[in-house]
Amino acid sequence: MEDKQEMKAAAGRSAAQGGPLDSLVAEQGTAEHIERGEELAEGLPMGEAPKGVIGQDEATPLVSIIVPVYNVEEFLDKSIRSALTQTYRHIELILVDDESPDDCPKICDRWAEQDGRVQVIHQSNGGVSAARNAGLQEARGEYIYFMDPDDEIEENLVERCLSAMDNTGADLVMFQFDTIGESGAQLESSYKHNDYDESKLLTPQEAIKLQIQSEINGYFWAFLAPRATYVNQNFSFPVGRKIEDMARICNIIGESKRILRIPDVLYHYRLRSGSAMGIISASNTSDWFQAAEDREDYIRERYPELKSYVALQTLNVLGNTDFETIRQNIVYGLNIDPESRTKIKNRVQAFLDDLEGADLSEKVKAFVDIFKSDKEDATDSGLATGQAASR
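Residues numbered from 1 in each chain as written. Predicted model: local features only at pLDDT ≥ 70, side-chain atom pairs only at ≥ 80, totals over all residues. Heavy atoms only, no water.

### So, the overall build of the chain
- Of regular secondary structure, the chain possesses 15 helices and 10 strands.
- For the chain, the residues scored as buried account for 54% of the 391 residues in total.
- Sequence separation of 24 or more characterises 80% of the internal contacts of the chain that already satisfy a separation of 6 or more.
- Accessible surface computed for the chain: about 17100 Å², of which carbon and sulfur atoms make up 44%. (Helix = DSSP H or I, 4+ residues; strand = E, 2+ residues; numbered from the N terminus. Buried < 20%, exposed > 50% of the residue type's maximum accessible area, 1.4 Å probe, protein only. Contact = heavy atoms within 4.5 Å. Areas by Shrake-Rupley, 256 points an atom, 1.4 Å probe, with all protein chains shown as cover.)

### As for empty space enclosed by the protein
- One pass over the structure, following the stated rule, counts 1 cavity of 30 Å³ or more.
- There is about 30 Å³ of room inside the largest cavity.
- If you go around the largest cavity, the residues you meet are V67, S79, I80, A83, L93, L95 and M147.
- Grouping the constituent residues of the lining of the largest cavity by class yields 6 nonpolar, 1 polar and no charged. (1 Å grid on protein atoms, 1.4 Å probe; cavity = no way out; pocket = protein on both sides within 12 Å on 5 of 7 lines; lining within 4 Å. Points joined across faces, edges and corners; volume = space filled by probe spheres on them. Nonpolar A, V, L, I, M, F, W, Y, C, P; charged D, E, K, R; others polar.)

### Considerations on the packing of helix α7 (residues 204-212) against helix α9 (residues 244-254)
- Following both chains from N to C, one finds α7 and α9 inclined at 160°, their axes separated by 9 Å at the closest point. As judged from the angle between their axes, α7 and α9 are roughly antiparallel. Our pair here, α7 against α9, has a crossing hand that is right-handed. Contact residues: α7 offers P204, A207, I208 and Q211, while α9 offers I249, C250, I253 and G254.
- Residue composition of the contact of α7 with α9, grouped by class: 6 nonpolar, 2 polar and no charged. (Axes fitted to C-alpha atoms, helices over the stretch in contact; angles between N-to-C directions. Parallel < 35°, antiparallel > 145°, perpendicular 65-115°, else oblique. Left-handed = near helix turned anticlockwise from the far one by under 90°.)

### Here we look at the pattern of salt bridges
- Overall, the coordinates contain 13 salt bridges when judged by the stated rule.
- With a closest N to O distance of 3.9 Å, K106 and D103 form a salt bridge.
- Among the salt bridges present, the one from R132 reaches D245, with a minimum N-O distance of 2.4 Å. Of this pair, R132 sits in helix α5 (residues 128-138) while D245 sits in helix α9, placing them 113 residues apart in sequence. Here R132 and D245 have matching classes, each one buried.
- One network of salt bridges, with partners in common, ties together R132, D148 and D245. (Salt bridge = Lys/Arg side-chain N within 4 Å of Asp/Glu carboxyl O.)

### Considerations on the side chain of S79
- By the secondary structure assignment, S79 is in helix α3 (residues 73-84).
- With relative accessibility at 1%, the residue S79 sits in the buried group.
- Here P149 takes part through its backbone oxygen, which lies 3.5 Å from a polar atom of the side chain of S79.
- S79 has contacts with M147, D148, P149, D150, D151 and E152, leaving out every residue within four places of it along the chain. (Polar contact = N/O pair within 3.5 Å; in protein donor to acceptor, adjacent residues only side chain to side chain.)

Here you go:
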């Protein structure tokens, strides 16, 4: 980070937990270093652990950190370094090069040469989900953690989560995150996900409700979970779609026994041009609806008592979305193929059926009217109704 003291303040952790990223901010290992063949892993000699860290031996569980890599050469070294300098040393770092067109493949290979804990997978381009699936298939760890290739993690992320599990009996630990810019400077942010000050244990049902309300964000880099939670349900991310985290996060929450939320800022999300935080927009409406459908299908089967709650909360989200975006995408089919458009309309009807006559807000009613109108009615009345409700 460019301003280490500023990031310390942002992290908001106690002094006993250590300073954030203090030992891993040396500006080294860029693409230029790659071309010159300079050493990337300075300060990370193989087989040696710095003082005060948990070493790697058979008595400590292996943790697999999986990173899908594509077109992030400017940030990849910092990301990898933050993973490899964890105070908990018994990790394997799986870098999945998704046929990146820049210097990322070389950077990954160079790190693998310098640290025996790094494994590199080179595969044909298939997207984030395909890369994560490949990493999950190769992972040997007792615990799994997913990380994005342009972000950074606190040096005690793994140690803190495992310690919290030991102390509480939780089998999934969630934590807070902050936002940094391309330069590494802290950015002001206010996410509902971070709006709590004390650790709290949750049942799967309680955590699912919070996720549906967006009080738990749908990001796989915001928690650590056992490998068994993934493999016991033949888990995989949906390939070829965006908003893959929202589509699958409840599958992991729902198969956990005890979920612990800790108020520690352990992840630094880098906001940059091209970043996507999973919100519904004109370009991803179909994927958003498919993710919502996947999520609801899992909950209906695993926790049927929550189906009405899921339907109402999903419609509330849509009711507060820009009406013109919805109208153009659904009514006129922009960015959506006819089959997907029909599926979306059927899904909204299924949500309404699940509500069984529940009282809907005016915004949700206006949104529903869009789906019940034909093209002409949507132009004349659906949009007008939506605009009136949004005032």
